[in-house]
Amino acid sequence: MVKPKIAPSMLSSDFANLASEAERMLQCGADWLHMDIMDGHFVPNLTIGAPVIESLRKHTKAYLDCHLMVTNPLDYVEPLGKAGASGFTFHVEVSKDNWKELVQLIKSKGMTPGVSLKPGTPIEDVFPLLEDENPVELVLVMTVEPGFGGQKFMPQMMDKVRTLRKKYPSLDIEVDGGLGPSTIDMAAAAGANCIVAGSSVFGASDPAQVISLLRKNVEDSQKTN
């Protein structure tokens, strides 16, 4: 049985108080802190990079779950490894030619390799990365178009999650985009166990209650499936 992991998206936090926001989320029951790294090229937005991860690492021992929405993920492995990133999830769309080298390098820097895919990318594109002798350890199914917070959840993406869960029962399957109390049922029932939630957690009057509800949904679905 894969463990539920709730990962508040720090993109929705107050960036001026990142260390205290990270601590607040952990106090509220978060398992991971989800860090969105965008290069302004693969996606239109520009967010944070290795220097911010390095600064945050000085204030927390938390698992920093880094999602690289970048055109050249290979360039980020060394700096993020040094900065103290825990997980390094790259996009399959930009790594068709070098994912083997990428996975090897990520692991050599002590990080957990993951692969993500945009809503328009077929799930079959990640199978080779899961079936290699040196596989990725997580798949992040985007449930919105990557690049912006606050978008609406795409329920049709749950077919990808169901396919993955059936084929790889012990895989960490992460979902990101529009997750909250009104959409968690669908994601949990499909088999997602790592839940990224931004505005639904940070915008809540009681974030701990939302995190607890997300976790309970995953646990309850695992009991019935």
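Residues numbered from 1 in each chain as written. Predicted model: local features only at pLDDT ≥ 70, side-chain atom pairs only at ≥ 80, totals over all residues. Heavy atoms only, no water.

(A) Examining the packing of helix α2 (residues 50-57) against helix α3 (residues 74-83) more closely. α3 packs onto α2 with a crossing angle of 15° between their chain directions and a minimal axis gap of 8 Å. Classified by the angle between their axes, α2 and α3 sit roughly parallel to one another. Handedness of the crossing formed by α2 with α3: right-handed. Here A50, I53, E54 and R57 of α2 come into contact with α3, specifically with P79, L80 and A83. Along the lines of polarity and charge, the residues of the contact of α2 with α3 split into five nonpolar, no polar and two charged. (Axes fitted to C-alpha atoms, helices over the stretch in contact; angles between N-to-C directions. Helix = DSSP H or I, 4+ residues; strand = E, 2+ residues; numbered from the N terminus. Parallel < 35°, antiparallel > 145°, perpendicular 65-115°, else oblique. Left-handed = near helix turned anticlockwise from the far one by under 90°. Contact = heavy atoms within 4.5 Å. Nonpolar A, V, L, I, M, F, W, Y, C, P; charged D, E, K, R; others polar.)

(B) Representation of empty space enclosed by the protein. Evaluation of the coordinates by the stated rule reveals one cavity of 30 Å³ or more. By volume, the largest cavity is sized at about 30 Å³. Lining the largest cavity, in full, are M10, L11, F15, L18, H34, M35, D36 and I48. By residue number, the principal contributor to the lining of the largest cavity is strand β2 (residues 32-38), which donates three residues. Here the residues of the lining of the largest cavity are counted per class, giving six nonpolar, one polar and one charged. (1 Å grid on protein atoms, 1.4 Å probe; cavity = no way out; pocket = protein on both sides within 12 Å on 5 of 7 lines; lining within 4 Å. Points joined across faces, edges and corners; volume = space filled by probe spheres on them.)

(C) Broad picture of the side chain of H91. Checked against the element boundaries, H91 lands in strand β4 (residues 87-91). Those residues in contact with H91 that lie beyond four places of it in its chain are F42, H67, L68, M69, V115, S116, L117, K118, M142 and P146.

(D) The sheet that holds strand β7 (residues 172-176), seen in detail. Spatial strand order, β1-β8-β7-β6-β5-β4-β3-β2: eight strands in an open sheet with parallel pairing. Sheet topology places β1 (5-8) and β2 at the edges, where each strand pairs with a single neighbour. Neighbour to neighbour, the strand axes of the sheet diverge by 20° on average, direction disregarded. Note: β1 against strand β8 (residues 194-197), four bridges, orientation parallel. Bridging across to β8, I6 finds its partner in I195. Strands in contact with helix α4 (residues 99-108) are β4 and β5 (112-117); relative to β4, the strand with the most contacts, it is inclined by about 165°. (Pairing = 2+ DSSP bridges.)

(E) Representation of the UniProt feature "binding site: a divalent metal cation" (unreviewed entry) in the protein within the structure. Within this structure's numbering, the places UniProt gives as "binding site: a divalent metal cation" (unreviewed entry) are H34, D36, H67 and D176. Look at the named residues: they lie 143 residues apart in sequence, but the longest C-alpha span between them is just 10.6 Å, so in the fold they bunch up. Of the annotated residues named above, the ones that line the largest cavity are H34 and D36. Looking at the secondary structure, you find H34 in strand β2. Judged by relative accessible area, which is 0%, H34 ranks as buried. Apart from residues no more than four positions distant in its own chain, H34 is found in contact with A7, P8, S9, M10, D65, H67, L140, E174, D176 and V196. By the element assignment, D36 lies in strand β2. When neighbours within four sequence positions are excluded, D36 is seen to be in contact with S9, L11, T47, I48, H67, M69 and D176. One polar contact links D36 to S9, side chain to side chain, over a distance of 3.1 Å. (UniProt positions renumbered as here; feature names shortened; annotations may be inferred. Buried < 20%, exposed > 50% of the residue type's maximum accessible area, 1.4 Å probe, protein only. Polar contact = N/O pair within 3.5 Å; in protein donor to acceptor, adjacent residues only side chain to side chain.)

(F) Quick peek at the environment of S212. Following the sequence through the fold, S212 ends up in helix α9 (residues 207-224). In sequence terms S212 and V92 are 120 residues apart; their C-alpha atoms lie 31 Å from each other.

(G) Geometry of the packing of aromatic side chains. Enumeration over the complete set of coordinates arrives at two aromatic pairs. On the numbers, 4.4 Å between centres and 20° between planes, the contact of W32 with Y63 is stacked. With W32 in strand β2 and Y63 in strand β3 (residues 63-69), this residue pair connects regions lying 31 residues apart in the sequence. With a centroid separation of 6.0 Å and an interplanar angle of 65°, the aromatic rings of F127 and Y168 are classed as edge-to-face. Remark: Y168 occurs in the loop between α6 (158-167) and β7 and F127 occurs in helix α5 (residues 127-131); sequence separation between them is 41 residues. Taking relative accessible area as the criterion, Y168 reaches 13% and is therefore assigned buried. In this arrangement the basic side chain of K118 is found over the ring face of F42, its NZ or CZ atom lying 4.6 Å from the centre. (Phe/Tyr/Trp six-rings, centres within 6.5 Å; stacked < 30°, edge-to-face > 60°. Lys NZ or Arg CZ within 6 Å of the ring centre and 35° of its normal.)

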